[in-house]
Amino acid sequence: MAAPMAGRLAALGRRLAAPARAWLPGLTQVRWSRYGPSYLEPVVNKEVNRKPLEELSEEEKTQQELKALHPIKATASNVTSSVFSDPTISKFTNMMMKGGNKVLARSIVTQTLEGIKRKQLEKYYQASEEERESIECNPYIIFHQALKNCQPVIGIYNIQKGGKTYQVPSPLKDNRKRFLAMKWLITECREHKHHRTFMHEKLSQELLQAFNNEGPVIKRKHDMHKMAEANRAYAHYRWW
Amino acid sequence: MLRSVKGVICQGPKLDSGYFLHASARAWLSAAVNQDVQIPAEKPRTVFRTSESNPANHAEQHEGQHYSIPLQEVKVVFPHGLPYRFQMQMKTFNESCLMVRKPALELLGYLKSTNFAHPAIRYVIYGEKGTGKTMTLCHAVHYCAKQDWLVLHIPDAHLWVKNCRELMQSSYNKERFDQPLEASTWLKNFKTSNDHFLKEIKTQQTYMWTKRESTEKGRPLGEVVEQGLTRVKNASDAVGVVLKELKKQCPLGSFRLLVAVDGINALWGRTALRKKDKSAVSPEELTLVHNLRKMVVNDWNGGAIVTTLSQTGSLFKPRSAYLPHELLGKEGFDTLDPFIPIQVSNYSQREFESCYQYYLDRKWLQHERASTEEGRKELLFLSNSNPWQLERISAYL
């Protein structure tokens, strides 16, 4: 959020300073937004507005002044100021969604979290005092840790060279890693499990396995790492 | 707040001014029986548990507090009747805790002061969806079970008017229909909760099941129940016989009878069942409903009838309907009239705080923000202090 903001501020500065090149020969604008350049991003976090004036740094003070003058874009409808909102969970819900049925996707995700919590709490209450400390009951921590465990470190890209397609290993961006982890979890539950079990049961089982670094999704991550290791020789085909 | 101060001042001499409710917990510690009183460590603003596990001793000072029922007792007293989500909660927490609330205390007060010579009084618990009607009924059932009443608990009358796999023509009366599966499950659960009564109560007439099988006069009622369980075809008639015998013998005074029906509006609504020729079955054509309707009339004495209205499982009723007249219809209201209505509403401030502390204590609210003041305010807002809604929201937090 800060980088485009700074970029927009810089662009504003440049426009005020010198006449800009609004048109370049050979470049057509493909993606554009209805919002003009002066629109600011909305801030949903309530904590930002609660800070007293003295604590604000220079940057935040300029930000506040800009907000008084500039119009602000509308927030996306899946963004809330709730203290319980989690962007990773929202992203996961969106990936689970089919045909725009967000209600169903959200209910599956909430049932999954409930299922994880119930399983862990049952284990907790039946365990002895020493074991209790090692049992993690927070479904959000389990979810995040399981996703982190499923994220691959290095990925494979298909590059065509001389008529043949080579599997070239390459580092992955953070977004790509998160996407792959979530995609593998969801496809694993959809395709390789019994179709009559509920999705939330399958998902909670997979997440708990991934949290303990076991299960088919972790295996798939290791397979990708092994492929990358095997195709080490073609690494120099990468040009980015 | 005033009430709690009054109750606490009446209680004991040594009280700190700043710790009203905490001191009341200390007073109970000396009277503690089996359970430990759990006092939250940080700020003793509210005490959400009480060690008083006998509903007979529940009074105003226990309002908003949770009392726990030993799991062994739950298996005997509630073989059926507890809501499904409460059963899941029992399994997860490994304990069963009910909150003592005002409508339940009111109902228990009426039950304690029943005059057994007068006809049975009907109590109708009503309220919006998810406010705790079934749990209030279960509290009353637990009280009566502890007081050694015979409890006739029908967990959900709506189950008898919908989703019936086998609908057979009754052998006793050609016009009526039997439901063997529902009747046999009910008989099994009835036997678990009232075993000792079934051995003592004797039948007062002979019942012929078939040409060869019959139950003689003077045999224990347990035999009728066994007959219903073994010969599933006669299960609905066995239920009818049990109800008839209990109603006839209760005025004689050897036992007290509590008829607890959840979702009584099912008896006078419409059913979702159809006959072979696709015409609709009306409730009086079902044996079970017919016999239960006779039970709910106040022409017997020696007990009480506690019922709950429920829109949740009801058929052909809008979700916003919760008042007795809307759910019972004219026929049902006229049959149940006169009754004592008991309204159950959403949690008060104190009850919400107690429920919130209980969930925090049992580690049900796991989100790190849930234990903050912000989280608590948001839970209050999202659930609108509705118990059902609060439970569902805290399930995934």
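Residues numbered from 1 in each chain as written. Chains lettered and ligands numbered in written order. Predicted model: local features only at pLDDT ≥ 70, side-chain atom pairs only at ≥ 80, totals over all residues. Heavy atoms only, no water.

Student: Talk me through the overall build of chain A; I want residue IDs and the actual numbers.
Tutor: Along its length, chain A carries 10 helices and two strands. The N-to-C order of helical and strand elements in chain A reads α-α-α-α-α-α-α-β-β-α-α-α. For 240 residues, the compact-globule formula gives about 18 Å, and the C-alpha radius of gyration of chain A, at 24 Å, lies well above that figure. Projecting the C-alpha coordinates of chain A onto the three principal axes gives extents of approximately 70 × 60 × 35 Å. By sequence separation, contacts in chain A at least 24 residues apart represent 67% of the contacts at least 6 residues apart. Accessible area for chain A stands at about 16,300 Å²; split by element, carbon and sulfur atoms hold 54% of it. On chain A, the mean spot of the 39 positive side-chain charges and the mean spot of the 24 negative ones are 12 Å from each other. (Helix = DSSP H or I, 4+ residues; strand = E, 2+ residues; numbered from the N terminus. Rg over C-alpha atoms; globule rule 2.2 N^0.38 Å. Contact = heavy atoms within 4.5 Å. Areas by Shrake-Rupley, 256 points an atom, 1.4 Å probe, with all protein chains shown as cover. Lys, Arg positive; Asp, Glu negative; His and termini not counted. Charge placed at Lys NZ, Arg CZ, Asp CG, Glu CD.)

Student: Report on the pattern of salt bridges, specifying residues and quantitative values.
Tutor: Where charged atoms from two side chains of opposite charge approach closely, those side chains can pair. Per the counting criterion, the structure on display carries 23 salt bridges over all chains. In this structure, Glu41(A) and Lys73(A) form a salt bridge, with 3.0 Å as the shortest nitrogen-oxygen distance. Placement of Glu41(A) in the loop between helix H1 (2-17) and helix H2 (46-50) and of Lys73(A) in the loop between helix H3 (58-69) and helix H4 (87-96) is noted, with a sequence separation of 32 residues between them. Taking the relative accessible area as the measure of exposure, Glu41(A) reaches 24% and is therefore partly exposed. For Lys73(A), a relative accessible area of 18% gives the class buried. Its salt-bridge partner being Glu351(B), residue Arg101(B) comes within 3.4 Å of it at the nearest N-O pair. With Arg101(B) in the loop between strand E2 (96-99) and helix H5 (102-112) and Glu351(B) in helix H13 (residues 349-361), this residue pair connects regions lying 250 residues apart in the sequence. Given the relative accessible area of 6%, Glu351(B) is considered buried. (Salt bridge = Lys/Arg side-chain N within 4 Å of Asp/Glu carboxyl O. Buried < 20%, exposed > 50% of the residue type's maximum accessible area, 1.4 Å probe, protein only.)

Student: Explain unusual backbone geometry to me, and be specific about the residues and the numbers.
Tutor: Residue and element names in this part refer to chain B. Here Asp 337 and Pro 338 are connected by a cis peptide whose omega angle stands at -5°. Inspection of the secondary structure assignment puts Pro 338 in the loop between helix H12 (324-336) and strand E11 (340-344). Positioned with a positive phi, Asn 384 is a non-glycine residue whose angle comes to about 55°. Classification of Asn 384 as exposed rests on a relative accessible area of 54%. Not every positive phi belongs to a glycine, and Ser 385 is a case in point at roughly 60°. Tracing the backbone shows Ser 385 in the loop between helix H14 (373-383) and helix H15 (387-395). Look at Ser 385 and you get buried, because its relative accessible area is 13%.

Student: An account of the sheet that holds strand E10 (residues 303-308) of chain B is needed here, citing residue identities and associated values.
Tutor: All names here are of chain B. Within the open sheet, the five strands sit side by side as E4-E9-E10-E3-E11. Their pairing is parallel. Two strands in the sheet have a free side with no partner beyond their single neighbour: strand E4 (150-154) and E11. Within this sheet the neighbouring strands show an average axis-to-axis angle of 15°, counted without direction. Contacts from helix H6 (residues 133-146) reach strand E3 (121-127), E4, strand E9 (257-262), E10 and E11 within the one sheet, and its direction differs from that of E9 by about 165°. (Pairing = 2+ DSSP bridges. Axes fitted to C-alpha atoms, helices over the stretch in contact; angles between N-to-C directions.)

Student: An account of the interface of chain B and chain A is needed here, citing residue identities and associated values.
Tutor: Listed per partner, the contact involves 25 residues of chain B and 19 residues of chain A. Interface area, chain B with chain A, both sides summed: about 2,200 Å², of which 53% is carbon and sulfur. The tally of links from chain B across to chain A stands at two salt bridges. Glu114(A) serves as the salt-bridge partner of Arg85(B), at 2.8 Å between the closest nitrogen and oxygen. Between the two partners, chain B and chain A, sit 14 residue pairs in polar contact (both at pLDDT 80 or more). Listing elements by their share of the side of chain B that touches chain A, those giving two or more residues are helix H4 (84-93), H14 and H15 of chain B. For the side of chain B that touches chain A, the element with the most residues is H4(B), which contributes six residues. (Buried area = accessible area lost by both parts, 1.4 Å probe. Polar contact = N/O pair within 3.5 Å; in protein donor to acceptor, adjacent residues only side chain to side chain.)

Student: Which residues make up H6(B), and what values do they have?
Tutor: It helps to recall that an α-helix has 3.6 residues per turn; residues three or four apart then point in one direction. Residues and elements named next belong to chain B. Taking 1.5 Å of rise per residue, 14 residues should cover 20 Å, and H6 covers 20 Å from first to last C-alpha, within 8% of that figure. Here H6 lies mainly inside the structure; 10 of its 14 residues are buried. Regarding H6, the residues found buried are Lys 133, Thr 136, Leu 137, Cys 138, His 139, Ala 140, Val 141, His 142, Tyr 143 and Cys 144. Of the residues trailing H6, Asp 148 is marked for its positive phi of about 65°. (Expected span 1.5 Å × (residues − 1).)

Student: A description of the UniProt feature "domain: Small ribosomal subunit protein uS7" (unreviewed entry) in chain A should follow, citing residues and the corresponding values.
Tutor: When the UniProt feature table is mapped onto this chain, "domain: Small ribosomal subunit protein uS7" (unreviewed entry) is found at residues 78-232 of chain A. What you have in residues 78-232 of chain A is 63% helix and 10% strand, and the ends, taken at the C-alpha atoms, are 42 Å apart. (UniProt positions renumbered as here; feature names shortened; annotations may be inferred.)

Student: I'd like a description of the environment of Tyr322(B), backed by residues and values.
Tutor: Residue and element names in this part refer to chain B. Among the structural elements, Tyr 322 can be located in the loop between E10 and H12. Judged by relative accessible area, Tyr 322 falls into the partly exposed class, the value being 22%. For the pair Tyr 322 and Tyr 396, spaced 74 residues apart in sequence, the C-alpha separation works out to 28 Å. Those residues in contact with Tyr 322 that lie beyond four places of it in its chain are Tyr 126, Gly 127, Glu 128, Leu 309, Leu 327 and Gln 343.

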